[in-house]
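# A closer look at the structure
The primary structure of each chain is shown beneath.
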Amino acid sequence: MRQVRTFVAWQVTRAAAGRPHFRVIERREDGLPVGHCGLKRVDDWPFAQSTLESESELEIGYMLDPDWWGHGYATEAAGSALADGFKNFGRERLLARANAENTASIAVMLRCGMTFEAEQLEDGKRLVQYQITRRPWQAGSAAP
Ligand SMILES: CC(C)(COP(=O)(O)OP(=O)(O)OC[C@H]1O[C@@H](n2cnc3c(N)ncnc32)[C@H](O)[C@@H]1OP(=O)(O)O)[C@@H](O)C(=O)NCCC(=O)NCCS
């Protein structure tokens with residue numbers, strides 16, 4: 001619980017400062033919180049230190065309450081995080097990473113139009129990296 005409070009306070013501070021951050025995903029009909037999603041710097045993460053080379057780039061992240069898997073909420077939220085990265089943070093390229101066996105997460109990336117870029121071992125786990133640049137994002141269905 002303490003880690004959750006730390007995380008939320010940290011994200012609120014980041015949002016207030018106009019920096020990339022995570023937000024709650026709320027169901028459109030009734031505002032029910034179903035998960036969280038957003039942007040983070042690849043090298044700016046206290047709970048999962050990264051050593052990937054693209055350290056100053058932004059990656060999207062998402063997590064849903066398991067009760068709400070299978071409705072497309074993560075894909076919609078990930079699309080919104082990409083829009084945030086391209087439109088509000090002016091990035092030309094955005095990343096997403098997952099453990100290679102996390103097929104649900106990789107499916108979200110693919111539905112958002114992201115393409116495989118690299119794979120590497122991190123702490124004994126296979127990590128895959130997907131990316132999308134502005135032009136394919138604009139051309140794709142994920143772009144608003
Ligand atoms: C990764 C995670 C968010 C994916 O959740 P998800 O429910 O599979 O993803 P979505 O919300 O986009 O839903 C997609 C599913 O809903 C279905 N769906 C239903 N309506 C849909 C719609 N309107 N639009 C898109 N998909 C829809 C899709 O067909 C897909 O189902 P399938 O997996 O049987 O093909 C979830 O597994 C999770 O929270 N995992 C734990 C945290 C985690 O691993 N995060 C990523 C770290 S890298």
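Look up a bit, the structure's there.
This structure is a prediction, so every number in the text was calculated from the model and none was measured.

## Quick notes on a nonpolar patch on the surface
On the surface, M1, V4, V8 and V12 cluster together to form a nonpolar patch covering roughly 410 Å² of accessible area. Its location among the elements puts M1 in the segment before α1 (2-16).

## Overview of helix α2 (residues 73-88)
Given 3.6 residues per turn, any residue in an α-helix points the same way as the ones three and four places further on. Compared with the 22 Å implied by 1.5 Å per residue over 16 residues, the 21 Å span of α2 between its first and last C-alpha is a close match. The buried fraction of α2 is high, at 12 of 16 residues.

## Some points on the sheet that holds strand β4 (residues 93-99)
Spatially, β1-β2-β3-β4-β6-β5 is the arrangement adopted by the 6 strands of the open sheet, whose pairing is mixed. Each edge of the open sheet carries a strand with a single partner, namely β1 (22-26) and β5 (115-122). Across the sheet, the axes of successive neighbouring strands diverge by a mean angle of 25 degrees, strand direction being ignored. Relative to β4, strand β3 (residues 58-64) runs parallel, the two sharing 2 bridges. Bridge pairing in β4 links E59 to L95. Across the sheet, helix α3 (residues 103-111) touches β3, β4 and β6 (125-133), and the angle it forms with β4 is around 160 degrees.

## A word on the environment of G113
When you line up the elements, G113 lands in the loop between α3 and β5. Along the backbone, G113 and I132 are 19 residues apart, and their C-alpha atoms lie at a distance of 7.0 Å.

## Section: the pairing of β6
Here β4 pairs with β6 via 7 bridges, running antiparallel. If you follow R93 over to β6, its bridge partner there is T133. Pairing of β5 with β6, which is carried by 7 bridges, proceeds in the antiparallel orientation. Each bridged residue has a counterpart across the sheet, and for T115 the counterpart in β6 is Q131. In sequence, β5 turns back onto β6 through a hairpin of 2 residues, with D123 there showing a positive phi of about 50 degrees.

## Here we look at the environment of Y130
Here Y130 shows up in strand β6. For Y130, a relative accessible area of 10% puts it in the buried group. Counting along the chain gives 24 residues from Y130 to I106, while the straight-line C-alpha distance between them is 8.3 Å. Among all residues touching Y130, those that are not within four sequence positions of it are L94, L95, A96, I106, M109, L110, M114, T115, F116 and E117.

## Remarks on the nonpolar core
By size, the foremost hydrophobic cluster in this structure holds 29 residues, and its most contacted members are I60, Y62, L82, M109 and M114. Look past the residues within four positions of Y62 in its chain and what remains in contact with it is F22, H36, C37, A78, S105, V108 and M109.

## Description of α1
Taking 1.5 Å of rise per residue, the 15 residues of α1 would be expected to cover 21 Å, and the 21 Å separating its terminal C-alpha atoms lies within 8% of that figure. Looking only at α1, the buried set comprises F7, Q11 and R14. Each buried residue of α1 lies within a common arc of 65 degrees when the element is viewed along its axis, so the set occupies one face. Away from the buried face of α1 by more than 90 degrees, exposed residues R2, R5, V12, T13 and A16 are located. The elements touched by buried residues of α1 are β1 and β2 (33-41).

Conventions we followed
- Residues numbered from 1 in each chain as written.
- Predicted model: local features only at pLDDT ≥ 70, side-chain atom pairs only at ≥ 80, totals over all residues.
- Heavy atoms only, no water.
- Patch = residues over 30% accessible without salt bridge, like charges linked within 9 Å, V, L, I, M, F, W, Y side chains within 5 Å.
- Areas by Shrake-Rupley, 256 points an atom, 1.4 Å probe, with all protein chains shown as cover.
- Salt bridge = Lys/Arg side-chain N within 4 Å of Asp/Glu carboxyl O.
- Helix = DSSP H or I, 4+ residues; strand = E, 2+ residues; numbered from the N terminus.
- Expected span 1.5 Å × (residues − 1).
- Buried < 20%, exposed > 50% of the residue type's maximum accessible area, 1.4 Å probe, protein only.
- Pairing = 2+ DSSP bridges.
- Axes fitted to C-alpha atoms, helices over the stretch in contact; angles between N-to-C directions.
- Contact = heavy atoms within 4.5 Å.
- Core = buried A, V, L, I, M, F, W, Y, C linked by side-chain atoms within 4.5 Å.
- Arc of directions from axis to C-beta.

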